[in-house]
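Coordinate inspection notes
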Amino acid sequence: MTFNAIIPSGERATTVLVAGGAGFIGSHLCDALLQRGKTVICLDNLVTGSIDNIRPLLNHPNFRFIEHDVRDPIAIEDRVDRIYSLACPASPRHYQKDPIGTMKTCVLGAINLLELARLKDARILQASTSEVYGDPEIHPQPESYLGNVNPIGPRACYDEGKRAAETLMFDYQRAHGLEIKVARIFNTYGPRMLENDGRVVSNFIVQALRGEPITIYGSGSQTRSFCFIDDLVRGLQLLMESPSSITGPCNLGNPHEISIETIAREVLAYTASNSPLRFEALPKDDPKRRKPVIDTATRILGWRPRVALQDGLKATIAYFALRIAGDSPTLVPVVATRRPGRGARTRMTIAE
């Protein structure tokens, strides 16, 4: 049964904390929340997030930015009604650079945000990942699948860190009665991805635009399912505002499965690039297939992706084309138009 396909907007202004709010997903979520009339507190240590992603929001009267690492305790004086826990490096290149720090971010960050939620009596959503399924032996992957994760491999700091964060969410719910939500996010792409994060779509687009060889790890037959950022942000909000009895885990991703080589050739076609394909060894524990079962999100949230891969790729290519040309765009609209703004970087503390 679907509760409501429209994200509700209550009469009383809601204060939302977005941890990791200057990152790729977090900054788009901040945009969407402000458009819905929410007061937004953006928390980020700017390790993989960027002040450029939120610069248009800095002068917004309902937006506050705090530079802070979630591995440290979080003290906020304002009322907080909702907490999105998104703070963690999400690409192998970044989370493997400091694996111990990544694990601390997943575990200590979850604990600190959960303690804040307990103090504020706030609802909290954990941004988990399809990586909790590891290199799956079941395809496609439903939420009931317990995964095939290597706990001592080079990806374990992220995979097991996110699994531990999910455990903490449910333990806090059982021990303290917290309202929790767990979203398992599959491959997501769109404007504001980092150029150097090593992820498939951003890598292919940047290499194609620069005329460099397109690096494909493995044979290229391994698959992924790519969800455009606007679709994911809508799903996160729907899950957060669902009835308290709905906790997840809930897969959020696009079930359209495509091979790595096919996505590379589509990027080449859309960019009119002559870059050759270059095949290299597949990294250890890299998943061979990845496709979500989204029956839970469709049935309970009324959610499914709307943006076709062709449209999403073109928007993302346009964004990176401007970045590489030297501009810093704040938006490449696909579904809804957002109003760009300007502002200078500020550090703020929160007080009544």
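Refer to the preceding data block for the structure.
Read on for an overview of the structure. It should be emphasised that the depicted structure is a prediction, and the values quoted were computed from it without experimental measurement.

Conventions we followed
Residues numbered from 1 in each chain as written. Predicted model: local features only at pLDDT ≥ 70, side-chain atom pairs only at ≥ 80, totals over all residues. Heavy atoms only, no water. Phe/Tyr/Trp six-rings, centres within 6.5 Å; stacked < 30°, edge-to-face > 60°. Helix = DSSP H or I, 4+ residues; strand = E, 2+ residues; numbered from the N terminus. Buried < 20%, exposed > 50% of the residue type's maximum accessible area, 1.4 Å probe, protein only. Salt bridge = Lys/Arg side-chain N within 4 Å of Asp/Glu carboxyl O.

To continue, consider the packing of aromatic side chains. Per the counting criterion, the structure on display carries six aromatic pairs. An angle of 20° between the planes, with centres 6.0 Å apart, marks the rings of Tyr 133 and Tyr 145 as stacked. Residue Tyr 133 is located in the loop between strand E5 (123–129) and helix H5 (156–176), and its partner Tyr 145 is located in the loop between E5 and H5; the two are separated by twelve residues in the primary sequence. Looking at Tyr 145, the relative accessible area reads 10%, which means it is buried. Here Tyr 189 and Phe 226 contribute two aromatic rings whose centre-to-centre distance is 6.4 Å and whose plane-to-plane angle is 90°, an arrangement assigned as edge-to-face. Placement of Tyr 189 in strand E7 (residues 188–189) and of Phe 226 in the loop between strand E9 (223–225) and strand E10 (227–228) is noted, with a sequence separation of 37 residues between them. One exposure class covers both Tyr 189 and Phe 226, and it is buried. The rings of Tyr 133, Tyr 145 and Phe 186 are connected pair by pair, giving a single aromatic cluster.

If you walk through the whole model with that rule in mind, you get 22 salt bridges. Between Arg 155 and Glu 131 there is a salt bridge; the shortest N-O distance is 3.0 Å. Placement of the pair is Arg 155 in the loop between E5 and H5 and Glu 131 in the loop between E5 and H5, with a sequence separation of 24 residues. The pair formed by Arg 155 and Glu 131 is uniform in burial state, with each residue classed as buried. The residue Glu 195 makes a salt bridge to Arg 210 at a minimum N-O spacing of 3.0 Å. Residue Glu 195 is located in the loop between E7 and helix H6 (200–210), and its partner Arg 210 is located in helix H6; the two are separated by 15 residues in the primary sequence. For Glu 195, a relative accessible area of 23% gives the class partly exposed. Since its relative accessible area comes to 44%, Arg 210 is described here as partly exposed. Each member of the salt-bridge network shares a partner with another, and the members are Glu 131, Arg 155, Arg 224, Asp 286 and Arg 290.

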